[in-house]
Amino acid sequence: MDTVVVMWLLDWLIKAYNLSTIMTNKVFITPSALGFARVKRERRSPMRFKQRIRQNYKRRSVNKKDFGFLVIAFLVFCSFFLASCSTPIAGAKYRQIVIATGSPFELGLVSELGKAFEKEHKCAVRYVKTPTGPGLDLGRNGLTHITMGHNHEATAEFVKEGHAVRRIDLMHNYTIIIGPANDPAKIAGLTDLKEAHKRISDAKSKYLSRGDGGGMHMVELKVWKDIGFNPADKDWYEVSKAFMLESMLNSDKNGQYHMLDSTTWAMHKSKCKNSKLLVKGPPNEYEMCLVNPEKHPNLRYNQDLAEKFYDFLISDKGQKSIANFGVEKYGEPLYHPDAIKSPR
């Protein structure tokens, strides 16, 4: 390997180490709580990091989520490492990009778009399934080429910090609330999320929050703040720390109200035996960012491919694919394209 490749790999090793430290500190799920000061301090003293890991192991304090985050960081690093290596048989460098997103991947949309792109460009599209906040933090650490999330304030801050060279409104579905068929809080037919949550709190009805730092969780927190109520210490309020689909199924099982997106409900409502759609709220808008390679030089490798994927998703062909996704199987649009009408 030449000097440029060696320096590129060294930069990635440092980034992977930083991210794993953040994750082990159990603050990765909360974007605003990222402990960069501690990361920088421990980076100067690798032995302290090793000693802390040994101590955690002895106390058995590294839980499954911590381990999972470490695995994600390792896999993301490995994918970029492979991309840096020459393929002797093919005689060409392996081309791949990384996309960080949540439900659009979990529900199959992004992987379907990725397959079409892979076929045309003879490359690989990799995915990290993550809520909006942690996905943007992957971008802040230069660990993904593209982010897709659904919280405008968080994305605007990401852009303001200079981490995105391009941003666009990609698509939307709708924010909905499901709950028990007998609807103890009497929210059926409402469209106002604030009024729905106020009635749930007044009735002290069971409610399940995602609590994962994702876009839907951020919307929920803003709603509670706007109505001047903090449910955190209430016995009827529970936090799942799970992703959209798992949280929906858990709320159905336990007879809880739950806020999620319309696409997850449309695709998996047949699995819910006790819940029904009660509130259809405002659009749940997804924004896409192309991470800035000037701020993260390691992303310059295959940046042209990342730009092509970005352009593909906002092209007429990509937007048509988004509009048609799942319609034949589920009988209704699951996502509504927005990029054609929004500024490039």
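Presented here is a report on the structure given in the accompanying data block. (Residues numbered from 1 in each chain as written. Predicted model: local features only at pLDDT ≥ 70, side-chain atom pairs only at ≥ 80, totals over all residues. Heavy atoms only, no water.)

**Considering the overall build of the chain**
What the chain contains, in helices and strands, is 15 helices and 11 strands. Taking all 344 residues of the chain together, 51% fall into the buried category. When contacts within the chain are restricted to residue pairs at least 6 apart in sequence, those whose partners lie at least 24 apart make up 75%. Surface accessibility of the chain: about 16700 Å² in total, with carbon and sulfur atoms responsible for 56%. (Helix = DSSP H or I, 4+ residues; strand = E, 2+ residues; numbered from the N terminus. Buried < 20%, exposed > 50% of the residue type's maximum accessible area, 1.4 Å probe, protein only. Contact = heavy atoms within 4.5 Å. Areas by Shrake-Rupley, 256 points an atom, 1.4 Å probe, with all protein chains shown as cover.)

**What about helix α13 (residues 303-314)?**
Given 3.6 residues per turn, any residue in an α-helix points the same way as the ones three and four places further on. Helix length check: α13 (12 residues) gives 17 Å between terminal C-alpha atoms against 16 Å at 1.5 Å per residue, within 8%. Buried residues of α13: Gln 303, Leu 305, Ala 306, Phe 309, Tyr 310, Phe 312, Leu 313 and Ile 314, and no others. (Expected span 1.5 Å × (residues − 1).)

**Overview of the pattern of salt bridges**
Summed over all chains, the structure comprises 14 salt bridges. In this structure, the salt-bridge partner of Arg 95 is Asp 304, at a minimum N-O distance of 3.3 Å. In this pair, Arg 95 is assigned in the loop between β2 (92-93) and β3 (96-101) and Asp 304 in helix α13, connecting sequence segments 209 residues apart. Residue Asp 304 is classed as partly exposed on the basis of its relative accessible area, which comes to 36%. Between Arg 166 and Asp 311 there is a salt bridge, with the nearest N and O atoms lying 2.8 Å from each other. Linking Arg 166 in strand β6 (residues 164-180) with Asp 311 in helix α13, this pair joins segments that are 145 residues apart in sequence. One continuous salt-bridge network, built from bridges that share partners, spans Asp 137, Arg 140 and Glu 161. (Salt bridge = Lys/Arg side-chain N within 4 Å of Asp/Glu carboxyl O.)

**Description of helix α10 (residues 215-226)**
With 12 residues, α10 extends 17 Å between its outermost C-alpha atoms, agreeing within 8% with the 16 Å of an ideal straight helix rising 1.5 Å per residue. Gly 228 sits one or two residues past α10 and shows a positive phi near 70°.

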